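# Residue-level structure breakdown
Each chain, written out:
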Amino acid sequence: MSPAAATTTFVAISIAVPNPTAPSRGRVRLPLGGVPAAPRRAVASMAVSAPRDSSVPKVTPEEAAKLCDRNFGIGADGVIFVMPGVNGADYTMRIFNSDGSEPEMCGNGVRCFARFIAEIENLQGTNRFTIHTGAGKIVPEIQSDGQVKVDMGEPILSGLDIPTKLLATKNKAVVQAELAVEGLTWHVTCVSMGNPHCVTFGANELKVDDLKLSEIGPKFEHHEMFPARTNTEFVQVLSRSHLKMRVWERGAGLTVGATLACGTGACAVVVAAVLEGRAERKCVVDLPGGPLEIEWREDDNHVYMTGPAEVVFYGSVVH
Ligand SMILES: N[C@H](CCC[C@H](N)C(=O)O)C(=O)O
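No experiment lies behind these values; they were computed from the predicted model shown.

### Here's the deal with the overall build of the chain
Assigned secondary structure in the chain consists of five helices and 17 strands. Buried positions account for 54% of the 319 residues belonging to the chain. Of the contacts made within the chain by residues no fewer than 6 positions apart, 65% connect residues no fewer than 24 positions apart. Summed over its atoms, the accessible surface of the chain is roughly 13,700 Å², and 51% of this surface lies on carbon and sulfur atoms.

### Brief notes about the site of the ligand
Lining the immediate environment of the ligand, one finds 14 residues, of which Gly107, Glu249, Arg250, Gly263 and Thr264 sit closest. Contact between the ligand and Asn97: an oxygen atom at 2.9 Å from a side-chain N or O atom of the residue. Between Asn231 and the ligand, the recorded distance is 2.8 Å, taken from a side-chain N or O atom to an oxygen atom. Contact with the protein chains removes 99% of the 360 Å² of surface that the ligand exposes when unbound. Its residues assigned to classes, the shell around the ligand shows five nonpolar, seven polar and two charged.

### What to know about the domain arrangement of the chain
Domain annotation for the chain reports domain 1 (8-19 + 27-151 + 308-318) and domain 2 (159-301). Residue-level contacts link 21 residues of domain 1 with 20 residues of domain 2. For the pairing of domain 1 and domain 2, the buried interface totals around 1,300 Å² over both sides, and the portion due to carbon and sulfur atoms is 48%. A salt bridge links Arg229 to Asp99; the shortest N-O distance between them is 3.3 Å. At three residues, the largest contribution of residues to the side of domain 1 that touches domain 2 is made by helix α2 (residues 107-120). Grouping the amino acids of the side of domain 1 that touches domain 2 by side-chain chemistry returns 10 nonpolar, five polar and six charged.

### Regarding unusual backbone geometry
Following Ile162, the chain continues to Pro163 via a peptide bond in cis, the omega torsion being -5°. Within the element layout of this structure, Pro163 appears in the loop between β8 (148-151) and β9 (177-181). Its identity is not glycine, yet Asn171 carries a phi of approximately 45°, on the positive side. Among the structural elements, Asn171 can be located in the loop between β8 and β9.

### Some words on the nonpolar core
Judged by nonpolar contacts, the single largest core of 52 residues is most densely connected at Met93, Phe113, Met152, Leu243, Met245, Ile294 and Val303. Broken down by element, the residue count for this core peaks at 10 residues, all from helix α5 (residues 263-275). In terms of domain composition, this core takes at least three residues from each of domain 1 (8-19 + 27-151 + 308-318) and domain 2 (159-301). Setting aside its immediate chain neighbours within four residues, Leu243 contacts Val235, Gln236, Val237, Leu238, Val269, Val270, Ala273, Ala279, Cys283, Val284, Val285 and Asp286.

### Notes on the confidence of the model for the chain
Summary statistics for the chain give a mean pLDDT of 85 and a share of 82% for residues scoring 70 or more. Counted against residues more than four places away or in other chains, residues 17-44, with its pLDDT under 50, gives 72 contacts.

### Topic: the side chain of Ser192
Within the fold, Ser192 resides in strand β10 (residues 184-192). In terms of polar contacts, Ser192 uses its side chain to reach the backbone amide nitrogen of Gly194, at 2.9 Å. Dropping the residues within four chain positions of it, Ser192 is found in contact with Pro155, Ile156, Asp161 and Ile162.

### Topic: α2
Residue pairs three or four apart in sequence face the same way in an α-helix, which turns once every 3.6 residues. Taking 1.5 Å of rise per residue, the 14 residues of α2 would be expected to cover 20 Å, and the 20 Å separating its terminal C-alpha atoms lies within 8% of that figure. Taken across its 14 residues, α2 has 12 buried, putting it largely inside the fold. Taken residue by residue, α2 has Gly107, Asn108, Gly109, Val110, Arg111, Cys112, Phe113, Ala114, Arg115, Phe116, Ile117 and Ala118 as its buried positions.

What counts, and where the lines are drawn
- Residues numbered from 1 in each chain as written.
- Predicted model: local features only at pLDDT ≥ 70, side-chain atom pairs only at ≥ 80, totals over all residues.
- Heavy atoms only, no water.
- Helix = DSSP H or I, 4+ residues; strand = E, 2+ residues; numbered from the N terminus.
- Buried < 20%, exposed > 50% of the residue type's maximum accessible area, 1.4 Å probe, protein only.
- Contact = heavy atoms within 4.5 Å.
- Areas by Shrake-Rupley, 256 points an atom, 1.4 Å probe, with all protein chains shown as cover.
- Near = heavy atom within 4 Å.
- Polar contact = N/O pair within 3.5 Å; in protein donor to acceptor, adjacent residues only side chain to side chain.
- Nonpolar A, V, L, I, M, F, W, Y, C, P; charged D, E, K, R; others polar.
- Domains from an automatic or database assignment.
- Buried area = accessible area lost by both parts, 1.4 Å probe.
- Salt bridge = Lys/Arg side-chain N within 4 Å of Asp/Glu carboxyl O.
- Core = buried A, V, L, I, M, F, W, Y, C linked by side-chain atoms within 4.5 Å.
- pLDDT = per-residue confidence, 0-100.
- Expected span 1.5 Å × (residues − 1).

Below, the structure is given as structure tokens:
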């Protein structure tokens, strides 16, 4: 007799422009292991599950990986868990990447989290939340225009804390350090937003759309200089306040390929661009999934990210 199946509610929220053919708010029931019970198509960058009464995720990393599968699951870059707050925070957020690994933080995810809380939990009038994460306290606020503005905290620049084995090159930070990848020398700046990022502006005029991310991405992600692996951002400078990036995400690339957007990555990109003298502290960062506004404020050293988050459908998973 198989153990009684559990059901977990999820909400698929997209930070990218949702696929017009996606079911808007259609109910989707997915037996975890089997063929989807209903047609499912959406640019659902995050599926959000809400075990409000539990201080641990209600699906395992392996189940989360199945949920992220775009053929036999919901299809997402990661699964986020909304849990009761600790240390005085309103909520706690944990996330499993699509390979089942657990990162410290997710910028796009925290916008999805805020949308979930505000829209699904129907909190009247509350549009600013404190969220305990692996990167510390993060504060998203839903703006009157519907965009979500997030205080992402301070960037971490010390190599040991990123972590990277690359040596500091400028005021204890790893800025334009040389990194040999498959016989080619890249200049990289390393930044943590709670999770590790390796940012490169390439040699000469890098055209990010010409990159074969599935070939070069894993070589950065698994490079020996990054003991916890790394997210990698390839950046083109369009102006001193306009950047264009492509990202190969840790824990997502091999399962879902290059993702459409990365919020912590966009924050790391602006910090790196400022450290390298390439951009101002307030930039628009273009990603395949859409633009994000990023500001690394001088007065409090915090990075602020503003961008969309939209419910595309919700459902329950039998597992
Ligand atoms: N793959 C990332 C986690 C998701 C981050 C990204 N989706 C974002 O929006 O910040 C990591 O392993 O650090």
